[in-house]
2 protein chains.
Amino acid sequence: MEEKTISNSRRCYKQWLWFMVLFMSFSVIYVDAVWPMPQMISSSMARYTLNPREFIFQYSSGSSAQPGCSLLDSAFERYYPLIFTDYRKHKCLEISLESFSQLVYQDDFGEYFVNETEIEDFPRFQFRGILLDTSRHYLPLHAILKTLDAMSYNKFNVFHWHIVDDPSFPYQSSTFPDLSSKGAFHPLTHVYTQIDVKRVIAHARLRGIRVLAEFDSPGHTQSWGKGQPGLLTPCYKGTVPSGTFGPVNPANSSSYQFMTRLFKEVTSVFPDSYVHLGGDEVDFTCWKSNPDVRGFMLKMGFGTDYTKLESYYMENMVNITKGLNKTAIVWQDVFDYHEKIPVDTVLHIWKGSPGQIQQELSSITLAGYRVILAAPWYINHIDYGQDWEKYYTIQPLNFTGTEQQKTLVIGGEVCMWGEYVDATNLSPRLWPRASAAGERLWSDEKMTSSVIDAFPRLVDFRCRLLRYRVIVIMPNYFGYTPNVESLFTAVTKEK
Amino acid sequence: MEEKTISNSRRCYKQWLWFMVLFMSFSVIYVDAVWPMPQMISSSMARYTLNPREFIFQYSSGSSAQPGCSLLDSAFERYYPLIFTDYRKHKCLEISLESFSQLVYQDDFGEYFVNETEIEDFPRFQFRGILLDTSRHYLPLHAILKTLDAMSYNKFNVFHWHIVDDPSFPYQSSTFPDLSSKGAFHPLTHVYTQIDVKRVIAHARLRGIRVLAEFDSPGHTQSWGKGQPGLLTPCYKGTVPSGTFGPVNPANSSSYQFMTRLFKEVTSVFPDSYVHLGGDEVDFTCWKSNPDVRGFMLKMGFGTDYTKLESYYMENMVNITKGLNKTAIVWQDVFDYHEKIPVDTVLHIWKGSPGQIQQELSSITLAGYRVILAAPWYINHIDYGQDWEKYYTIQPLNFTGTEQQKTLVIGGEVCMWGEYVDATNLSPRLWPRASAAGERLWSDEKMTSSVIDAFPRLVDFRCRLLRYRVIVIMPNYFGYTPNVESLFTAVTKEK
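Calculation criteria
Residues numbered from 1 in each chain as written. Chains lettered and ligands numbered in written order. Predicted model: local features only at pLDDT ≥ 70, side-chain atom pairs only at ≥ 80, totals over all residues. Heavy atoms only, no water. Helix = DSSP H or I, 4+ residues; strand = E, 2+ residues; numbered from the N terminus. Buried < 20%, exposed > 50% of the residue type's maximum accessible area, 1.4 Å probe, protein only. Areas by Shrake-Rupley, 256 points an atom, 1.4 Å probe, with all protein chains shown as cover. Axes fitted to C-alpha atoms, helices over the stretch in contact; angles between N-to-C directions. Left-handed = near helix turned anticlockwise from the far one by under 90°. Contact = heavy atoms within 4.5 Å. Nonpolar A, V, L, I, M, F, W, Y, C, P; charged D, E, K, R; others polar. Disulfide = S-S within 2.5 Å. Polar contact = N/O pair within 3.5 Å; in protein donor to acceptor, adjacent residues only side chain to side chain. Pairing = 2+ DSSP bridges.

Q: I would appreciate a short explanation of the overall build of chain A in the present structure.
A: Across its full length, chain A holds 19 helices and 14 strands. When each of the 495 residues of chain A is scored for burial, the buried share is 61%. Here chain A displays about 19000 Å² of accessible surface, and carbon together with sulfur accounts for 55% of that area.

Shown next as structure tokens:
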């Protein structure tokens, strides 16, 4: 999966992100100052002064990346001012820029230092995702771009864009413009135009982030029905239509024709080799009430088992995707209903108790499917106190299975569902809570098993996110006031 | 209590805020559009156009407030641009400006309207407070000022400033500068100077808000000890001091001398006739360990009952306050320990189950004390979902007691303790959740008993808070983007 992405971008990128050997002939007061924890880091007290006026990033002669690599050049541009806050001029050196930026510090006189540090680094999991839900509340474009910035600082590499759902359809389709003009909260202000989408993809790419689009069906599609009459199943009350609608109508061939055209567009707009088809939480009540659907069930020999109808629908969807040369990711429901799907389909675990999750991991990987773990990281579920510990101590590979099965767990995802989240609270809810999952997905589990050791590092890292303006303090009447006090510093007995 | 404040401000203020009869010869599409709900509101569909260029606020000839009333003049200045977002010019009319501002709306062509509306209004409770805790996390001055703005839109009238506590002492005392220079998180950046405090008080006053300062003792004083050696009780391990410190040392007369000087300053800096003395959560372990304190217990005939020692301390504190012509507010602990305190002392309920709270209300009012209810509104305790309903459905007078007892419940308070709150998340945590309590404390309970009726009004009001920039969306790369989508609009079944 990772390989496919890489082929989408440029070779230098792989060299830079996936395997970094930093051997810097300079070096740290703050040992272990990098978040997420590198696979290997050792530092000495010997420190070297950095002169911003003379500091340059440069390509190593032995590197496969050479001058002109646009991803690296652009990263150099971004990181120079993050490292040297007072200076503008900058050039190159092949390193993990995010890790490096976290090693540079200033003394009281404003001089920049880095301690002699050796870092060897690569991610533990290839899929490290953040889901944003832009249907339940619309998120302005800049909120998405800012989240991408924050993701890169946390070494997340997949933006899972849950772009449409029941409440609204903000994706402005060129093939079916009515979907957003009738299904968005507002047809002009609460939509993502084709240009917006391109901007998100470009912004993400430069930060080493893939954009995984989800167009969830057959459930979660109420907003689709507004702009595409005939797509959803009319629900019946007795022998007459009730006026409400259920999931996509799986009995009509027109539904699949529509989906083929829509996904042809979607898979062309979103260049990633994967596409998310959803497939979760299909309520059978409406299907059961509809005489046409019942007739179709009979004709297909499904009896009264509506999971077979759902399977039939999802199999069609996966085949459509396949025909477009994309690989499907689907929610776990699709596996739970024993649907016949290609073995390269990726299953996405989103529900269950810890025990049920372990069981699901075992079953899915035993069946040979790859899996992404989201259930433990439903970060929209807020709670009082330091719940980052809960996200930090998840052990994604702690389930019964062979070594081969474990390799099928390709990663995890932090989900920020949008019921109660919009641009007013997204950022303080996401960071640094998601950073806990970020380290779990990037770093070696044994090196990062202690919540107590992680705490001061996370406190430092949160201050960095404040300095990077990922988390923003309440603006004053004129502009901003920088403020790097910690979320966690002062905990006393609660009143 | 209210009367004393009023005498601090100007007569016009009372006329304006405490009893408003709005009889406007104009009028509403949005009936019931005012939050919190006025005591009486009736509106017709007849609507009148407002021309911003000709609109003036003016003093009614029969009003006790006449031109030159600085509070009203200043309010006119603030509200004109809130009402007419496109215009600058403005003058006067004696009304509840906040309610009026909520009645004005624009059509699609930008014209301003108000429907014919009759409002009679006054607050149900005289004390409607918000507590901010600036010790556990420092809050920059502008975060406090912004909160005061938001309070005024919600008709809160007391800012309870829990200014110091164990973690830090940000109040910069002119008498004891070491308290902040040694006890603040940072002696220069994380303090409130005398000028800062004056600015808060002035900003509050113009918005009809009193500033109630709390200097909590004898517990919650760890930060005090840094700048005032000898104030806290040295804890002992066996026969030797352990190096740690407990509550203020109640056995030393120097403690009371210090407190007298400090409160002389505090009561002069904060002009309100009330001062909050704290008195909660005193841990006796350290007192018990200290031989001097034990000796003092013997000498005073307290036996081994340390509640008597605490009572002795608090009685001294209340007397000091009394000598400074201020009335004390204390946490309920002071009542629970049967301390001998003047009957004009106000008790502040902060703990217990609903049943315990009702019992406490009965007991305190039966003893003739006035009471403020904070326990149901610990709004820092976040939870997933629409918890505003919990704050909305509190019935402050639902306890066993005579009508006379009920009148002793002077109001309630929303507490935002600072363990996990700073300027990055204060605002979205406070609003509109605190607005639910705001309506409970202002409006008639029978008129506002339905969560279902309140919901769309609260949704509207939240949009207003967004327009007023009380809640701010994530800034884009260049500045702000206005955004008034609702927190609550779209709730679907949760993934």
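That covers the picture; the talk isn't over yet.
Q: Looking at this model, I keep getting lost on the packing of helix α9 (residues 253-269) of chain B against helix α12 (residues 306-323) of chain B. Mind explaining?
A: The description of two helices packed together rests on the angle between their axes and the distance between the axes. Residue and element names in this part refer to chain B. The geometry of α9 relative to α12 is characterised by a closest axis approach of 10 Å and an angle of 35 degrees between their N-to-C directions. The way α9 lies across α12 gives a crossing that is right-handed. Only Y312, Y313, N316, M317 and I320 of α12 make contact with α9, whose side of the interface consists of Y256, M259, T260 and F263. A class-by-class count of the residues in the contact of α9 with α12 yields seven nonpolar, two polar and no charged.

Q: I'm lost on the state of the cysteines in this one. Help?
A: Two cysteines joined by a covalent bond between their sulfur atoms form a disulfide. Residue and element names in this part refer to chain B. According to the stated counting rule, one finds two disulfides over all chains in the structure shown. There is a disulfide in this structure between C235 and C286, and the S-S distance comes to 2.2 Å. Disulfide C235-C286: the torsion about the S-S bond is -110 degrees, which places it as left-handed. Residue C235 is found in strand β8 (residues 232-237), and its partner C286 is found in helix α10 (residues 285-289); the two are separated by 51 residues along the sequence. In terms of burial, C235 and C286 fall into one category: buried.

Q: Is there a simple way to think about the side chain of A:T233 in this case?
A: Residue and element names in this part refer to chain A. With respect to the element layout, T233 can be found in strand β8 (residues 232-237). Relative accessible area serves as the criterion here: at 0%, T233 is assigned to the buried category. Of note is the side chain of T233, whose polar atom sits 2.8 Å from the backbone oxygen of P247. Side chain to side chain, T233 and W287 meet in a polar contact 3.1 Å long.

Q: When you look at the sheet that holds strand β13 (residues 370-373) of chain B in this model, what are you seeing that I'm missing?
A: The strands that make up a sheet pair up through hydrogen bonds in the backbone, lying either parallel or antiparallel. Residue and element names in this part refer to chain B. Spatial strand order, β5-β6-β7-β10-β11-β12-β13-β14: eight strands in a closed barrel with parallel pairing. The average undirected angle you get between the axes of adjacent strands in this sheet is 30 degrees. Strand direction decides the pairing type here: strand β5 (residues 127-133) and strand β14 (residues 409-416), joined by six bridges, are parallel. Bridging across to β14, G129 finds its partner in E413. Contacts between helix α18 (residues 433-442) and the sheet are confined to β5 and β14, with β14 contributing the most and set at about 175 degrees to the helix.

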